Amino acid sequence: MRQTEVEQIFEQVLSYQNSDHLQLSLTGTELANTRFANNTITQNTVQKDSGLSVIASFGQKVGQASTNRLQADGLKEVVSRAEKIAQSAAEDSEYLPPVSTQTYAKVSAYDHQTAMTSPQARAEKVQLAIQQCEPKGLKLAGHYSTGWNFRSIANSHGLLAYHRQSYASYTNTVMSNTSSGWAETVGENLDLIHPLRAVEIASQKATASQSPKDITPGKYKVILEPSAVASILGPMFYSLDARSAHEGRSAFSDKEGTQIGQSAVDLYSQSNHPACPNAPFFFNGLPIEKTHWIKAGILENLAYNRFWANQTSHRHTGSPTNMIMDGDHNTLEQMITNVERGLLVTRFWYVRFVDPMTLLLTGMTRDGLFWIENGQIQYGVKNLRFNESPLNVLANIEMMGQPQRASGSTYIPPIMVNNFNFTSGTAF
């Protein structure tokens, strides 16, 4: 939905207002996906959806309703429903009225060609990838997604904002009879998507890890590729809530302003980062400003919503958005040469909390686990389960590589970590 259409909807919705305040958000997506397996394209789907959320308030009494019926009758009904809910609700002592108009960073994240990529164009790239696998007796599976989304907000204080973003993602798994390899390529522009490079990397991993060997679980030096880093740091990144920490319900209680990682660790959010752009505003209307969560290894900020920022006289940070971590100039190959004995991890899956109060996580390796000795990859290793906390990971980083775009809003480097804890093997 284009900005002019969004503005017309917002104008119409606000005309139905009877409450003291209205806060509106309208979001939508158009995502096309080409799936493939066993060296054959199996499915092409297109998903289109838009939805409006309305928050109405009478004093401190608040009601919320939503709809995807964006014609006049649906818009009028959703406002009426939100206002009726508000009138029947108990007072919310933490409710804050809508913000006034704001200034936002300029974010360029939309490419029309990428947003409107045809099924034929995706299929042609997938077919070229399949042709790289068939002569080698390898099987290819994965998906190639393209599309775009928008988010927009408005309120009865005159605020109005709109952001749209294109998206493309090619992900593939290459399989032999005894192994698999994985790679992805992600970006907002088709020029950033390289399916043949991704299938080459995944093929190399599948070939090199055939007939994997068992090793004894324990603590090892590991190199985590960007997808694995994102999987292990993501649960920590989205657990930075300041109120939980201040009330003793978080692994970050009493840690604000303290050293929690190596001094080389810089982890932050920035909406207009050129390699990982994101919307420049929160749904509450406040701008998303560059925020260092961890800087030089120090927990510099926790996530303060509007209410808790007011309560504590702290700057509003909002929740983390895109996850960006500065790295170093090292290539993955250079990092491998610095490992005497250890493991290379392509990615993790089924990562789950064991203990949120220590951020202890568990999960398994997948699609490429390799034994490194004397600076060289020696052979594939059967997958392992880990029990580890991202806090330990940050404290044990010894080396970092060049940041890369990973799935979602993540731009992060591979890292070398000492004493990473593997607890058991797996059955595959």
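Structure: see above.
Owing to the predicted nature of the structure, the values given are computational and were not obtained by experimental measurement.

> Break down the environment of L196 for me, citing the residues and quoting the values.
Structurally, L196 can be placed in helix α5 (residues 195–208). Here L196 falls in the partly exposed class, since its relative accessible area comes to 42%. Linking L196 and Q262, residues 66 residues apart in sequence, is a C-alpha distance of 36 Å. In contact with L196, other than residues within four places in its own chain, are L128, A129 and Q132.

> Please give an account of the packing of helix α1 (residues 3–15) against helix α2 (residues 72–88) that cites residues and values.
Two elements in contact, α1 and α2, have axes separated by 9 Å at closest approach and are oriented at 50 degrees. One finds that α1 runs oblique with respect to α2. Seen from above, α1 lies across α2 with right-handed handedness. Contact residues: α1 offers I9, Q12 and V13, while α2 offers A72, L75 and V79. Each residue belonging to the contact of α1 with α2 can be placed in one class, and the counts come to 5 nonpolar, 1 polar and no charged.

> Break down the packing of helix α4 (residues 119–133) against α5 for me, with residues and values.
Taken N-terminus to C-terminus, the directions of α4 and α5 make an angle of 30 degrees; their axes are 9 Å apart at the nearest point. Considered as vectors, α4 and α5 are oriented roughly parallel to each other. Helix-helix and strand crossings are classified by hand; for α4 and α5 the assignment is right-handed. Seen from α4, the contacting residues are K125, L128, A129, Q132 and C133; seen from α5, they are P195, L196, V199 and S203. Of the residues contributing to the contact of α4 with α5, the split by class is 6 nonpolar, 2 polar and 1 charged.

> Please provide a residue-by-residue account of the sheet that holds strand β4 (residues 139–155), values included.
Across the sheet, 6 strands lie side by side as β3-β2-β1-β4-β5-β6; this open sheet has antiparallel pairing. Edge positions in the open sheet fall to β3 (61–67) and β6 (180–187), since each of these has one partner strand only. Neighbouring strand axes in the sheet, compared pairwise and without regard to direction, differ in orientation by 15 degrees on average. On the sheet, α2 packs against β1 (21–37), β2 (40–58) and β3 and is oriented at approximately 150 degrees with respect to β3. Along the sheet face, α4 touches β1, β2, β4 and β5 (160–175) and points at about 150 degrees away from the line of β4.

> Tell me about the pattern of salt bridges, and name the residues and values.
Following the criterion strictly, the structure yields 14 salt bridges and no others. When the shortest N-O distance is used, the salt bridge between R197 and E200 registers 3.4 Å. In this pair, R197 and E200 both sit in helix α5, 3 residues apart, roughly one turn of the helix. E200 gets classed as partly exposed once you look at its relative accessible area, which sits at 38%. Here R249 and E247 are joined by a salt bridge, their closest N and O atoms 2.7 Å apart. By relative accessible area, R249 is classed as partly exposed at 48%. The partly exposed category is assigned to E247, whose relative accessible area is 39%. Overlapping salt bridges, with partners in common, bring together E94, R243, E247 and R249 in one network.

> Lay out the pairing of β4 with the relevant residues and their values.
Each regular strand displays side chains that alternate between the two surfaces of the sheet. Among the 17 residues in β4, 13 count as buried, and that is most of the element. Here 14 bridges tie β1 to β4, and the two strands are oriented antiparallel to one another. Bridge assignment links S25 to a residue of β4, and that residue is I153. With 16 bridges joining them, β4 and β5 adopt antiparallel strand pairing. Each bridged residue has a counterpart across the sheet, and for G142 the counterpart in β5 is N172.

> Break down the pairing of strand β13 (residues 360–373) for me, with residues and values.
A large share of β13 lies buried, amounting to 11 of its 14 residues. Summarising the sheet, strand β12 (residues 341–355) and β13 pair through 11 bridges and their orientation is antiparallel. Of the residues in β13, the one forming a bridge with G342 is I372. Two successive antiparallel strands, β12 and β13, enclose a turn made up of 4 residues, where L359 displays a positive phi of approximately 60 degrees. Two elements, β13 and strand β15 (residues 384–388), share 4 bridges in a ladder whose sense is antiparallel.

Conventions and cut-offs
Residues numbered from 1 in each chain as written. Predicted model: local features only at pLDDT ≥ 70, side-chain atom pairs only at ≥ 80, totals over all residues. Heavy atoms only, no water. Helix = DSSP H or I, 4+ residues; strand = E, 2+ residues; numbered from the N terminus. Buried < 20%, exposed > 50% of the residue type's maximum accessible area, 1.4 Å probe, protein only. Contact = heavy atoms within 4.5 Å. Axes fitted to C-alpha atoms, helices over the stretch in contact; angles between N-to-C directions. Parallel < 35°, antiparallel > 145°, perpendicular 65-115°, else oblique. Left-handed = near helix turned anticlockwise from the far one by under 90°. Nonpolar A, V, L, I, M, F, W, Y, C, P; charged D, E, K, R; others polar. Pairing = 2+ DSSP bridges. Salt bridge = Lys/Arg side-chain N within 4 Å of Asp/Glu carboxyl O.

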